[in-house]
Amino acid sequence: MSEPDPIDALRDQQARLLEALSRAPMVDITGVVGASGSTGSKLGSEALWTIGFTFIAWRVGTGSIDTQALTVRRQVDAETLTHYRNRVQADTVVRVRARLAPQNPSGSPQALLEALVGPINDDAELNRVLAQAQQPVTLNDAQFGVFSFDRRLESFEAKTQWGRAQIALTLVAAEPAEIERALTNARELWRSQSDWQARIERYAVERLLSLKNETWLGEDEKPFSAKAFVARMRLESIVVYPDGSFEFWHDDGELFWGHAISVSGNLTDGPTDADIPG
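The rules we used
- Residues numbered from 1 in each chain as written.
- Predicted model: local features only at pLDDT ≥ 70, side-chain atom pairs only at ≥ 80, totals over all residues.
- Heavy atoms only, no water.
- Helix = DSSP H or I, 4+ residues; strand = E, 2+ residues; numbered from the N terminus.
- Buried < 20%, exposed > 50% of the residue type's maximum accessible area, 1.4 Å probe, protein only.
- Contact = heavy atoms within 4.5 Å.
- Areas by Shrake-Rupley, 256 points an atom, 1.4 Å probe, with all protein chains shown as cover.
- Lys, Arg positive; Asp, Glu negative; His and termini not counted.
- Charge placed at Lys NZ, Arg CZ, Asp CG, Glu CD.
- Salt bridge = Lys/Arg side-chain N within 4 Å of Asp/Glu carboxyl O.
- Phe/Tyr/Trp six-rings, centres within 6.5 Å; stacked < 30°, edge-to-face > 60°.
- Lys NZ or Arg CZ within 6 Å of the ring centre and 35° of its normal.
- Polar contact = N/O pair within 3.5 Å; in protein donor to acceptor, adjacent residues only side chain to side chain.

### Topic: the overall build of the protein chain
Then step 1. Within the protein chain, the secondary structure is distributed over six helices and 13 strands.
Then step 2. Burial statistics for the protein chain: of 278 residues in total, 40% are counted as buried.
Then step 3. Across the protein chain, the fraction of contacts at a sequence separation of at least 24, relative to all contacts at a separation of at least 6, is 56%.
Then step 4. Here the protein chain displays about 15,300 Å² of accessible surface, and carbon together with sulfur accounts for 48% of that area.
Then step 5. Charge-centre separation for the protein chain: the mean point of 28 positive side chains lies 3 Å from the mean point of 39 negative side chains.

### Some words on the pattern of salt bridges
Should the charged atoms of two oppositely charged side chains come close, the side chains can pair.
Then step 1. According to the stated counting rule, one finds 14 salt bridges in the structure shown.
Then step 2. Between Arg 187 and Asp 141 there is a salt bridge, and its shortest N-O distance comes to 2.7 Å. A residue pair is termed long-range when its members are at least 10 positions apart, and Arg 187 in helix H4 (residues 176–191) and Asp 141 in strand E6 (residues 138–141) qualify at 46 residues.
Then step 3. Taken together, the shared-partner salt bridges in this structure form one network comprising Arg 59, Asp 123 and Glu 125.

### Considerations on the packing of aromatic side chains
Both the distance between ring centres and the angle between the ring planes are used here to describe each pair of aromatic rings.
Then step 1. Counting across every chain of the model gives eleven aromatic pairs.
Then step 2. With a centroid separation of 4.9 Å and 65° between ring planes, the pair formed by Trp 216 and Trp 257 is classed as edge-to-face. Here Trp 257 lies in the loop between strand E11 (245–251) and strand E12 (261–266) and Trp 216 lies in the loop between helix H5 (193–215) and helix H6 (226–232), a separation of 41 residues in the sequence.
Then step 3. Centroid distance Phe 246 to Phe 248: 5.4 Å. Interplanar angle 85°. Geometry classified as edge-to-face. With respect to class, Phe 246 is no different from Phe 248; both count as buried.
Then step 4. Members of the aromatic cluster, joined through ring pairs, are Phe 144, Phe 147, Trp 162, Trp 190, Trp 196, Phe 246 and Phe 248.
Then step 5. The ring of Trp 196 carries the charged tip of Arg 199 above its face, separated from the ring centre by 4.4 Å.

### Some remarks on the environment of Ser 245
Then step 1. In this fold, Ser 245 is placed in strand E11.
Then step 2. Polar side-chain contacts of Ser 245 include one of 2.6 Å to the side chain of Asp 243.

Here you go:
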């Protein structure tokens, strides 16, 4: 029996959600667009795109403000997608006509966009929410230094030391409990830096050295030894997640003509994947 196509499963899930939203009541919603702004996506070879954006705070009509994130979406053609994305900008207050379904198959508040009224400047309360959201957020840590919060990526980043190198440490977390777990996992990596450094480099060699020597050698370039391969890699950043997974990102030293070298894994299993994205 063949495995189900994940794209088909996502398509069915989206269809069920859009069907539920199409039956929801039409309301006027005014909200603060989150730092990611509006995005466009589509599944497989579908003709239509899905425009989507999140209100981090919103109200129906003149009602009270709700701070539970509300996702607004609609399937559109490419031209309409561009139109909406140009008008729905990050960190603005926008009013829409939409079908609102706080309870739906997704498990979080959703709305089906019917019409975009446009940017709104006269809602003093939502403007105050927006101003507060734009305030810089930092986290001071005795070991790693000062983290700055990136609202768009919902992550904290600090410049810190790994061995003799200064690198970026990113905690992909926004809530206090998640931040604490990610910090705990980062401390575990730092406790055994030399061991993890060796494991990451060894795994990169196992997975990528043959790729370099068989496919990515330049003209007159000789095959690389493991030692020469590792000497070209320069660690630039480490990304740590609350669940114990991590990513080590390296400058490739032109091994793969400017592609990054990424080695990912988790604290339990160690490195589990290596790639050259970008």
